[in-house]
Every structure is written in C-alpha cells, then in structure tokens.
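Listed below are the residues making up each chain.
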Amino acid sequence: MTSLPQVAPRIAKLTALSIGVALLATACGGSPTPTSTGSASAKAAGISCPAPSATGGATTAPGAGGAVPPSSTTTETPLKIGSLLPTTGSLAFLGPPEIAGVNLGIKEINDAGGVLGKPVEVIHRDSGDTKTDIATQSTTALLGQGVSAIVGAASSGVSKTVINQITGAGVLQFSPANTSPDFTTWDDKGLYWRTAPSDVLQGKVLGNYMATCGAQTVGMIVLNDAYGTGLAKNVQAAFEAAGGKVVAQELFNEGDSQFSSQVDKVIAAKPDAIALITFDQAKSIVPLVTGKGVKPTQLFMVDGNMVDYSKDFQPGTLKGAEGTIPGTFAKEDFKKKLLTIDPALKDYTYAGESYDALNLIALATEEAKSTKGVDIAKHLKDVSEVGEKCNTFPSCVTLLRNGKDIDYDGQSGPITFSDAGDPTEAYIGIYEYQDDNTFKAVKEEFGKL
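Residues numbered from 1 in each chain as written. Predicted model: local features only at pLDDT ≥ 70, side-chain atom pairs only at ≥ 80, totals over all residues. Heavy atoms only, no water.

Enquirer: Help me understand the packing of helix α1 (residues 95-111) against helix α9 (residues 351-368) in this model?
Expert: Helix packing for two helices is described by the angle between their axes and how far apart those axes are. Packing of α1 against α9 leaves a shortest axis separation of 7 Å and a crossing angle of 35°. The crossing of α1 and α9 is right-handed. For the pair α1 and α9, the contacting residues are Pro97, Glu98, Gly101, Val102, Leu104, Gly105, Ile106, Glu108 and Ile109 in the first and Ala351, Ser354, Tyr355, Leu358, Asn359 and Ala362 in the second. Considering only residue class, the contact of α1 with α9 consists of nine nonpolar, four polar and two charged. (Axes fitted to C-alpha atoms, helices over the stretch in contact; angles between N-to-C directions. Helix = DSSP H or I, 4+ residues; strand = E, 2+ residues; numbered from the N terminus. Left-handed = near helix turned anticlockwise from the far one by under 90°. Contact = heavy atoms within 4.5 Å. Nonpolar A, V, L, I, M, F, W, Y, C, P; charged D, E, K, R; others polar.)

Enquirer: Before we go on, may I ask you to explain the sheet that holds strand β6 (residues 192-194) in this structure?
Expert: The strands that make up a sheet are held in pairs by hydrogen bonds between backbone atoms, and each pair lies either parallel or antiparallel. Within the open sheet, the five strands sit side by side as β3-β2-β4-β5-β6. Their pairing is parallel. What marks the edges here is a single partner per strand, and that holds for β3 (121-126) and β6. Strand-to-strand twist across the sheet, computed as the mean angle between neighbouring axes with direction ignored, equals 20°. In this structure, strand β4 (residues 149-152) lies alongside strand β5 (residues 172-175), joined through three bridges in parallel fashion. Within the sheet, the bridge partner assigned to Ile150 lies in β5 and is Gln173. The sheet contacts of helix α2 (residues 134-144) involve β2 (80-85), β3 and β4, and relative to β3 the element is tilted by about 160°. Against the sheet, helix α3 (residues 156-168) contacts β2, β4, β5 and β6, and its axis sits at roughly 150° relative to β5. (Pairing = 2+ DSSP bridges.)

Enquirer: Where do I start with the packing of helix α4 (residues 199-212) against helix α5 (residues 226-241) in this structure?
Expert: As a packed pair, α4 and α5 sit with axes 7 Å apart at the nearest point and diverge in direction by 45°. Judged by the angle between their axes, α4 and α5 are oblique. Crossing handedness for the pair α4 and α5: right-handed. Contacts from Asp199, Val200, Gln202, Gly203, Lys204, Leu206, Gly207, Asn208, Met210 and Ala211 of α4 reach α5 at Tyr227, Leu231, Asn234, Val235, Ala238 and Phe239. Across the contact of α4 with α5, the residue classes break down as nine nonpolar, five polar and two charged. (Parallel < 35°, antiparallel > 145°, perpendicular 65-115°, else oblique.)

Enquirer: So what exactly am I meant to see when it comes to the side chain of Thr416 here?
Expert: Checked against the element boundaries, Thr416 lands in the loop between β13 (406-408) and β14 (425-433). Looking at Thr416, the relative accessible area reads 19%, which means it is buried. (Buried < 20%, exposed > 50% of the residue type's maximum accessible area, 1.4 Å probe, protein only.)

Enquirer: Looking at this structure, I do not really get the state of the cysteines. What am I missing?
Expert: Note: disulfide means a covalent bond formed between the sulfur atoms of two cysteine side chains. One pass over the full model with this rule turns up two disulfides. Here Cys390 pairs with Cys396 through a disulfide, and the sulfurs are 2.1 Å apart. Classification of the bridge connecting Cys390 and Cys396 rests on its S-S torsion, roughly 115°, and on that basis the disulfide is right-handed. Summarising the burial analysis for this pair, Cys390 and Cys396 share the class buried. Sequence-ordered numbering of the bonded cysteines in the chain gives a pairing of 1-2, 3-4. (Disulfide = S-S within 2.5 Å.)

This is the structure:
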C-alpha cells in the first residue's frame, strides 16, 4: 500500500487572481444535496482546508408582484423550445435536475399566460454522450419540429458536435452546463449562449482552493476531451500561480474502462493531492486510488463527477473529499418546486442554470416580439443587465409589459452576459463528501471574468 506524502501545514502563497473571489458560507438543507456544515472536516495531515466563513450566500433579487398583464403582441407561431439533455451516457446523472429545471420554467411561464399570448411548447430529446451519435439524431429531430431554441447540451464535447448544426439553422442554442472556454470564440453567429461560467473560473477556484488547503504538489487524472483538458489547464495555471506544482497529469479517453495505468503513474509522483477531472469514470477511479492507500481527504473533484455515491461505495470511502460545482447553492424553496416536477429528484446540479435558460429565452422572446431564434438571441443580453431587478418569469414579464427595462437575476445567481454569450460573473460552490458518500455545501466563491 502506498500513501501520498504528508506535507507540513503551510499558508499557501496566493497570488492576486483576476476573478476577485470572496468566500461565503451558506445555509442549505437536505442530503444528499448540498447543505451547510459547521466546519470543514479534518483533512489528511498537512492538508487543512479553510472552514466556512460567517457570511451568507448568494441571494436573488425580488421581482414585481401582482397580476400579470396580457401581452400587447400576440404570435401566430407559439414559442417552441427543444431540450438536448442527457438521459443516457456518462453525464446521465445531470439529466434529471436539468430537465426538471426546464419543466419548472415551462410550467411557471404557461401558468402566467405563456409568451406573446400563447403557451410555450417543449420537446425533450436525449443528448447521449460523445461515444454515440444520439445528439446529432436528436438535434435533427428537434430542428425538424421547428424549435426556436434548444436548451443543451450538458457536455461541452457533445455541444461541439451539434453547435454548427443548430446555429447554422438559425436556431438559438442555450446550454445550462457547457463550461469549455472554446465556445467564447466560436463562430456561432451570435446564437450560442450559456448560463454556466467558463472553466476559466472553475479552474481558478479549484486550483487556488487546493493551494489554500496546504497542497504544494498535485497529480491530475483527466478526461481527454474539451471539458477535461480545458478545465485541467485552468486548474494547473491557478495552482502553479499560487506557488504549487502539478507533478503528474494522466489522460484517458471517453469509453475507456481501465484506469490502473493512469492511477499508478499519478501515485508514483507522490503528490500531496489528486484532482479527478472526469465524468462517471470516477466510479472506477476512486476505488483504485483509495485502494492504493490515498486518503479521501486528499481527493478533489469537479462538477463532472460530484454526485451521490452512497450506492456505489462503502461508507467512508469519500469522507472528506471536496469538489467544485459552478453556480450558487440551490435554495430550499426552489428545491421544493423542483420536487413537485420530479419527486424522485436527488441532485440539483445545473437545475438553476436550466431554469434560468428557459426564463431568459422566454423574456427575450417577449422583448423581441418574435419567436425567431435570431431575434431572441439579440435580446438576451438586454434582459440580463441594466434594468429593474427581477427573478421569475411572471415578475419580469410584468415589468416588460409595463414598459420597463429588466435585469434578470435567477436561481443560478447573478446573470450578466458578455457579447460572446458567456456569464461575466458567477458563483462556484465548494462541497465536501460525508461518511455516507453524499456531499454537503462548504462555501461559495464569487468571481468575475
């Protein structure tokens, strides 16, 4: 059995990061979804992450109340939205919360009278993953049914296979979970948008956080795709800027089932901590790593693999491991609403981003007075900045129909878009695994890009 070396406790040498993060505590409830903890658990000797601060987490601004006035403009063509979200493949665990977020948004919009005088329609299709051609087939079907916008995909790698197909058809693509920086400069004709922040932000937060925990060296096991390598690059840049060193980085491909070689090479480098930048392959990798004597408190994970492992591992397997998920923590009232849509829901990752995508599309449609994708896209930036704050479709559309300019801030936190369709500010949540291999919230970091 080989243990990672024990390092002397130290205060990490932190450089000034452009994101300007501020650590915030939170109060959320319900396992296995994020909840607050009184303090961070004791890490392996030499690794001691900072305890939560006493400040509160993100909040959303209240919107206007009262009855929703009718739209002054009606459309002959109802707004039709497709979803391209995973129900199969390596990110299938993200499908339920994302689909629930979409369906909650649709319900609230239609309960308020719909968009431009008509109920909004939604068509759900599976995105699969990059091992299959499901996304292309689903996209072809959605485009054939005349959708104005497609919410998805969750995987950056999958989105890369369909973005040209979607935007080339003049249809808006709006992802709640794509984080690859590549989309910032993609030639998408102004039709690609997302509510999840680029991995430039998540990478900086995770890399810096590992340094604040006292790690001086890190090994990484990384999925060799747009998501994995892009995130790893930003984690490494931040960690090394904070005075640390990445001593090993081993890649694997989507579809691989054997990871012993990568694990052995990373452990041989004797890092203080190991970052797993994967999707559901973590189910195979974690037992290999801990089986070599690595303590779970030396493991750091990411949104692609931060899931409930209570049915996969023996109790205590991941106790003390930590990881990051873009977005603010799901609020209790929002979780209750999601459970009315899907009572079996156990995870809320990217539900807020999906809900916000629906609301933003609907509000931009109202302001554009058109259900054409190209027209909707031109108004997304406008409804997310410099106006009266609101956070639900009824409150925001009431303001719009009364001639007000609006600034939508949603369940995923503040939303202000760049000209490239990226969020310019966001929260990154930090979570810690408990003895039952479910995770709880530790703190949030807010950053601007």
